[in-house]
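# Reading the structure
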Amino acid sequence: MGVDLKNVIVFALGGARHAAELRWVREVVTLGFVTEIPTAPPGLTGAFNLRGNLVPVLDTGVLVGGRPGPSPRQGDGALLIELDGVMAALRVDKVDEVATLQQTPDGTGVIDSRGRVVPLVDPSTLVRRAVADSLAVRGDADGELALDLTADSMRPTRDPTTGAKTPPGFDGDTTLG
Amino acid sequence: MTSGDRDLLVDFDPEELALLRQLFRDEAHDALEQVTARAQSAGLAEAVADAVNEMMRVTHTLKGSAGTVGLDDVVDLAHKLEGALAAVRSGQRPWSNAFAEAVVEIADGMRAYVDAFGDPARAAPLAARVHELLAPWSESRRSPSPTPPPPFGAPASRSRRRPATEPVPELDPDDGEDRAASSRSIMLPGALPPSLAADLMSDGIVADEVDASASTSMPVIDASTGYDARTLLRVEPERIDELMSAAGELLFDRNRIERRVQLLRTLTRDLGRARQALRDDTGGVRAATTETQRAAIEDRLHTVEGQIAALTTQLAQTTAALLDETEAMRRNLGELQRGLTRVRMQTARALFAQLARALRAAARTAGAKVELRTRGEDTEFDKAVAERVTDPLIQLLRNAVVHGIEPPAERVLRGKSATGTIRVHARQEGNLVVIEVADDGRGVDVKKLRERFVESGRWSRARAELASDDDVLHALFDPGVSSRDEADELSGRGIGLDLVRETIARLGGEVRMTSTPGRGTTFTLRLPVSTAVSQAMLFKVHGQVYALPNTQVVDTAFVEASATTWPPGPGGAPVVRLEHLLAIPSATLPEPAPARRPAVVLAYADQRLVCTVDKVVGPREIVVKQLGPLLSPLPLFAGATISGSGKVQLILDPAALVRAAYPERALASATATDPAPEALAGRALVVDDSRAIREALTSMLAREGWIVDVAEDGTRALALVDQLPYDLIVTDLEMPRMGGFELIDRLRAEPRTRTTPVVIVSSRVTPDTRRRARELAVKGLIAKPLTRRKLLEVLYPTETGKT
């Protein structure tokens, strides 16, 4: 395999530099006033108004270090990510550069102009996780009835010879015993 | 009410039937719109054969659904149209412009008829008109003649002429029987004295003739009635229908959920019985002394265990389905809510339809050959804007026909196609709607125009020489200027360009014009989209502003911090701290709480709730924004708005707040339903591309105790079958993407579904269909229109045979 080049955006967050593939990033924006969203899952830190549209802000700290980052504030820089119609902003401390850089052999980072390895992160995982977390909030709110039932009852019946389920309604037998 | 209605009331309750017809109406509109589009594009943008095939498919589907909801006239009309198309497909009749135009008119007429169906006085002449339009085409391939068709002979005589190999619809004996029934009801419109029908038509009540003002096939969006659009909002029937159908979907959702709850009750009862059996046998164990007694008890215990296992599975399935359905209901509620905010908005589709009619009329009067191409049908803008922009746009079209498009001979001389083209494109740009009207006519000769301005004394020579070409063109918008002198019927009177500009300016928009001599003229209108504004109550909690729709806020109040109900005493509504409902950690709340707190009193579905807040901001007009996929799953929020200073403010969902405050109440209200069905029949999958048929089948099967899932085509059905075991699959044959036979083939190839009972419901039942169905071991074949009786006969042959 030859040299693998990546179009990346290099940004700083929590004192370290990271790179994200440019194809995920729609634009670099400055956050407006960030409204907190009560009941939102932890990674969803708020929403702001971008040209009349509502854009959720995700906690980028989870992506780069597994720890929650600082709360997003008005004036912070952010990467605007769009994935399958889901738009989200990822707060960063600073955007360093947009460049075409060589990928490290193991594919986990890129090598910047001064020969340093910058770890490559995938913003799409953050967006996907946020969507899943958000859906889970709703599931919990509605699903109390389901929780205690689904775990055991979906197991196949142990003994198919007793009470085996024939398609009911086809042998004149429409009752359940 | 016709006799057909009475039969249908056996299958559906009246409410359900009305909703099914509502669904059908939407479907019919879509189908007929497709027919229109294909008829217009056939031979131009699309191969004739493809267009005809697609028109036949759509018409055929329409016929099937119409029969099921008892609209026999539509069945008959669709059948004739299908026949006429079949003649083209088989090559008996060539595709011609006259035929294309006739198809468009027939589709228009059928649409008007479908809309008027509930009102026999209006519907009958409309049906008669369509029959008349169809007559020359469905009767004979010879030149169109205005003689009316023999009442019921047409299908038979046509099928005689058909080559035997051609795959055209065959009349199933069953189908034939229903056909006879429909023919009887066709007599209704026929019973109208022909002279009266003719009168109605010559008064322009029926026909879409000469000009837009007399056009009544879409009566509600007639542009030229003189009342003031500022005081009245004309709401497209389609929009109301959308709301109706959204409300209807909710009713379907409710019905389904109720049935599910009934099933749960049955299951609870059965579980209770199983438990009783278990208890009896446990007692028996102690008393059992012999090996045989013990073995018998063991056997019984096994049986009970099996029953419980089956019940548990059913319980899990039902619960899973219930969750799906609750989710569907939530989506539909959201849909309804969006629909309501969109009542003020309309797409360009209706506007374009109106423009097409106006252009057809203008072209006919001027003897011009013009084709309209539109783009951006889905562009949405405020209804008030759309209504007021219609007249200016029609004026621009008429101008193009009269001044712009050259006579065919001249066009050919200039190397253009004989038929002129006018393009109307709509699109949204930020918060503006841009509408472009472009013709490919002679364009404006700026040099000549400059001369004319000087000759007529309008401009001084110096001014004319100083003015840029752009200035000269835009001077055309000044009052009293026309590029041609004669005041002709079409564009010389009424509003000219000056009024176009004035109307657009009053809407807060602007109009620009560009022109290339010999190539054509383009007008560009920029208009504000306008915004969906609603009334809301704003208040502050924990430093942020939230909104509640004003429709659900009944009052604001000051409530004692210690109060649990308000007004105090019995009958008061419960008081909750909104920050608790919002799950804001109490550690972050300001301490100590003031003695009295402001509160918002909201009412939703007969339940009141008093939410204390930090501060009531007051009622405001807000612009509702969608939450988007990341935030919309959060149950408490219905949307968001942007404040004057650009901050996002969340709109709370009153229903969710009430649910959160009364968790047990919400469940209790869902269980108050009819007696539970006797037994569970199993899980069924309904596969049909018609929404109306899916709902009809779901209703029929659910009544027999089936848990029903639906899929709109074979591909989707296979995906569902992959996830869940089904005890019955009911499928249509002709569907987009994957048809019924392919679906059954695939099912039969899988060991898991090799023996799953399959029932086919199709409008095309031929001997060949029967043969294939037999080969695939299909349990039964039902010819549309679908009735409950036919379904039961196939599902329970022994039971129904006895009665």
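Residues numbered from 1 in each chain as written. Chains lettered and ligands numbered in written order. Predicted model: local features only at pLDDT ≥ 70, side-chain atom pairs only at ≥ 80, totals over all residues. Heavy atoms only, no water.

Let us look at the overall build of chain B. Within chain B, the regular secondary structure consists of 28 helices and 22 strands. Evaluated residue by residue, chain B yields a buried proportion of 51% over its 803 residues. In chain B, once contacts between residues fewer than 6 apart in sequence are set aside, the share between residues at least 24 apart is 68%. Within the structure as shown, chain B displays about 36800 Å² of accessible surface, and the carbon and sulfur contribution to it stands at 54%. (Helix = DSSP H or I, 4+ residues; strand = E, 2+ residues; numbered from the N terminus. Buried < 20%, exposed > 50% of the residue type's maximum accessible area, 1.4 Å probe, protein only. Contact = heavy atoms within 4.5 Å. Areas by Shrake-Rupley, 256 points an atom, 1.4 Å probe, with all protein chains shown as cover.)

With that out of the way, let us pick up the nonpolar core. Formed by 54 residues in total, the largest nonpolar core has its most connected members in Phe 539, Leu 578 and Phe 637 of chain B. For this core, the element with the most residues is strand 7 (residues 86-92) of chain A, which contributes four residues. Apart from the residues lying within four places of it in its own chain, the contact partners of Leu 578 of chain B are Phe 539, Val 541, Cys 611, Thr 612, Val 613, Leu 652 and Leu 657 of chain B. Core analysis: the second largest hydrophobic core is formed by 50 residues, Ala 42, Val 58, Leu 62 and Leu 85 of chain B among them. (Core = buried A, V, L, I, M, F, W, Y, C linked by side-chain atoms within 4.5 Å.)

The next subject is the sheet that holds strand 2 (residues 16-21) of chain A. All names here are of chain A. Ordered by their spatial adjacency, five strands build a closed barrel running 1-2-10-9-8, and the pairing between neighbours is mixed. Strand after strand, the sheet turns through a mean of 50° between neighbouring axes, direction not considered. Note: strand 8 (residues 94-103) against strand 9 (residues 109-111), two bridges, orientation antiparallel. What sits directly across from Gln 103, in strand 9, is Val 110. (Pairing = 2+ DSSP bridges. Axes fitted to C-alpha atoms, helices over the stretch in contact; angles between N-to-C directions.)

Another point: helix 24 (residues 714-723) of chain B. Residue and element names in this part refer to chain B. Those residues of helix 24 lying buried are Gly 714, Ala 717, Leu 718, Leu 720 and Val 721. The buried residues of helix 24 occupy an angular sector of 165° when projected down its axis, which confines them to one face. Summarising the geometry of helix 24, the exposed residues directed more than 90 degrees from the buried face are Asp 722 and Gln 723. Residues of helix 24 that are buried sit in contact with strand 18 (682-687), strand 19 (706-711), strand 20 (728-731) and helix 25 (740-749). Sitting at the head of helix 24, Asp 713 places a side-chain oxygen 3.0 Å from the backbone nitrogen of Thr 715. (Arc of directions from axis to C-beta. Polar contact = N/O pair within 3.5 Å; in protein donor to acceptor, adjacent residues only side chain to side chain.)

Residue and element names in this part refer to chain B. Tracing the chain through its elements places Asp 709 in strand 19. The exposure class assigned to Asp 709 is buried, which follows from its relative accessible area of 12%. Here the side chain of Asp 709 touches Arg 683 through a polar contact of 2.9 Å, side chain to side chain. One polar contact links Asp 709 to Tyr 726, side chain to side chain, over a distance of 2.6 Å. Residues in contact with Asp 709, not counting those within four places in the same chain, are Arg 260, Arg 683, Ala 684, Leu 685, Val 686, Leu 724 and Tyr 726.

Take the sheet that holds strand 20 of chain B next. Residues and elements named next belong to chain B. With parallel pairing, five strands are arranged side by side in an open sheet as 19-18-20-21-22. Here the strands that pair on one side only, and so sit at the sheet edges, are strand 19 and strand 22 (780-783). The sheet shows a mean angle of 20° between the axes of neighbouring strands, taken without regard to direction. Sheet analysis places strand 18 next to strand 20, joined by four bridges and oriented parallel. Bridging across to strand 20, Ala 684 finds its partner in Leu 728. On top of the sheet, helix 27 (residues 788-795) reaches strand 19, strand 20, strand 21 (758-762) and strand 22; it is set at about 170° to strand 22, its chief contact.

All names here are of chain B. In total, this model carries 49 salt bridges over all chains according to the counting rule given. Here Arg 256 makes a salt bridge to Asp 253, at a shortest N to O gap of 3.4 Å. Of this pair, Arg 256 and Asp 253 both sit in helix 10 (residues 237-287), three residues apart, which is roughly one turn of the helix. As far as burial versus exposure is concerned, Arg 256 and Asp 253 are alike and both buried. The salt bridge involving Asp 713 is made with Arg 737; its shortest N-O contact spans 2.9 Å. Separated by 24 residues along the polypeptide, Asp 713 in the loop between strand 19 and helix 24 and Arg 737 in the loop between strand 20 and helix 25 bring together distant segments of the chain. (Salt bridge = Lys/Arg side-chain N within 4 Å of Asp/Glu carboxyl O.)

This brings us to the packing of helix 10 of chain B against helix 23 (residues 691-703) of chain B. Residue and element names in this part refer to chain B. Between helix 10 and helix 23, whose axes approach to 11 Å, the crossing angle comes to 25°. When the interaxial angle is binned, helix 10 and helix 23 end up roughly parallel. You can see that helix 10 and helix 23 cross each other, and the crossing is left-handed. The residues of helix 23 that touch helix 10, namely those facing Glu 249, Phe 252, Arg 256 and Arg 259, are Arg 691, Glu 695, Thr 698, Ser 699, Ala 702 and Arg 703. In terms of residue class, the contact of helix 10 with helix 23 is made up of two nonpolar, two polar and six charged. (Parallel < 35°, antiparallel > 145°, perpendicular 65-115°, else oblique. Left-handed = near helix turned anticlockwise from the far one by under 90°. Nonpolar A, V, L, I, M, F, W, Y, C, P; charged D, E, K, R; others polar.)

The next thing to look at is the confidence of the model for chain B. Residues and elements named next belong to chain B. Chain-level statistics for chain B give a pLDDT mean of 75 and a share of 77% at 70 or above. Confidence, expressed as mean pLDDT per element, reaches its minimum in chain B at helix 8 (residues 173-190) with 34 and its maximum at strand 20 with 93. For residues 485-495, every residue scores under 50 in pLDDT, and the model assigns this stretch 20 contacts once sequence neighbours within four places are set aside. Between residues 665-679, whose pLDDT stays under 50, and residues either more than four places distant or in other chains, the model counts 22 contacts. (pLDDT = per-residue confidence, 0-100.)

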